[in-house]
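What the coordinates show
Residue strings, one per chain:
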Amino acid sequence: QVQLVESGGGLVQTGGSLRLSCAASERTFSTYAMQWFRQAPGKGREFVAGITVGGGTTVYANSVKGRFTISTDNAKNTVYLQMNSLKPEDTAVYYCRALGTTIYWGQGTQVTVSS
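Read on for a plain summary of the structure. (Residues numbered from 1 in each chain as written. Predicted model: local features only at pLDDT ≥ 70, side-chain atom pairs only at ≥ 80, totals over all residues. Heavy atoms only, no water.)

A short note on the overall build of the chain
Inclusion rule: By definition, any uninterrupted DSSP run of H or I lasting at least four residues is a helix, any uninterrupted run of E lasting at least two residues is a strand, and each is numbered from the N terminus. Radius of gyration: C-alpha atoms only; globule rule: 2.2 Å multiplied by the number of residues to the exponent 0.38. Working definition: with a 1.4 Å probe on protein chains only, accessible area under 20% of the residue-type maximum means buried, over 50% means exposed, and in between means partly exposed.
Check the secondary structure of the chain and you find zero helices and eleven strands. Taken from N to C terminus, the helices and strands of the chain fall in the order β-β-β-β-β-β-β-β-β-β-β. For 115 residues, the compact-globule formula gives about 13 Å, and the C-alpha radius of gyration of the chain, at 13 Å, lands near that figure. Seen through its principal axes, the chain has C-alpha atoms that stretch 40 × 25 × 25 Å. Relative to its full complement of 115 residues, the chain shows a buried share of 44%.

Below, the structure written as structure tokens:
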């Protein structure tokens, strides 16, 4: 069973940056697509960014395109989400997901962007 642990959330002002990390308990990137989701208060969980198995292709939600970047470090079994030009509407709990024949979720990390 793959365990995912997110970190890097916090409080930042509008226009600031954060880098989220998602550490996997084992090698996952050759087997699972890795994704970031977020859930704002009172809203459903939404897709933010994803990277395909092997890391060949990335995809982003329109709301974050050009501001967020997903990447992986195979040596560290870690997927990152670099978030720049943050806006108050980016405030949410951010979750990491490993998508394969089985789906695994992390516990989430809170990101709060103050106006």
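That was the structure; now back to the text.
Section: the pattern of salt bridges
Just so we agree on the cut-off: Salt-bridge detection follows one rule: a side-chain nitrogen of Lys or Arg within 4 Å of a carboxyl oxygen of Asp or Glu.
By the definition in use, this model includes three salt bridges. In this structure, D90 and R38 form a salt bridge, with 2.9 Å as the shortest nitrogen-oxygen distance. One end of the pair, D90, is in the loop between β8 (78-83) and β9 (92-99); the other, R38, is in strand β4 (residues 33-39), and 52 residues separate them in sequence. Take D90 and R38: they sit in the same class, and that class is buried. Taking the shortest distance from any N to any O, the salt bridge between R67 and D90 comes out at 2.8 Å. Here D90 lies in the loop between β8 and β9 and R67 lies in the loop between β6 (58-60) and β7 (68-73), a separation of 23 residues in the sequence. Pair check on accessibility: R67 and D90 agree, each one buried.

What to know about the state of the cysteines
Under the convention used in this document: In this description, a disulfide is simply a cysteine sulfur pair whose atoms lie within 2.5 Å.
This structure, assessed with the given rule, holds one disulfide. One disulfide in the model links C22 with C96; its S-S distance is 2.1 Å. Here the disulfide of C22 and C96 is left-handed, its torsion about the S-S bond being about -80°. A residue pair is termed long-range when its members are at least 10 positions apart, and C22 in strand β3 (residues 18-24) and C96 in strand β9 qualify at 74 residues. Take C22 and C96: they sit in the same class, and that class is buried.

Digging into the environment of C96
So the rule is basically this: Contacts are assigned to residue pairs that have any heavy atoms within 4.5 Å of one another.
Judged by its relative accessible area of 0%, C96 falls in the buried class. Once you skip the residues sitting within four places of it in the chain, C96 turns out to touch L4, E6, C22, M34, Q35, W36, V79, Y104, W105 and G106.

Things to note about the side chain of T78
Heads up, the condition is: N or O atoms closer than or at 3.5 Å make up a polar contact, with two conditions inside protein: a donor-capable atom paired with an acceptor-capable one, and, for residues adjacent in sequence, both atoms drawn from side chains.
Considering the arrangement of structural elements, one finds T78 in strand β8. Since its relative accessible area comes to 7%, T78 is described here as buried. Among the polar contacts made by the side chain of T78, one reaches the main-chain carbonyl oxygen of K76 at a distance of 2.8 Å. Other than its neighbours up to four places away in sequence, T78 contacts S21, C22, A23, F29, S71, T72 and D73.

The analysis is restricted to geometry; functional conclusions fall outside its scope.
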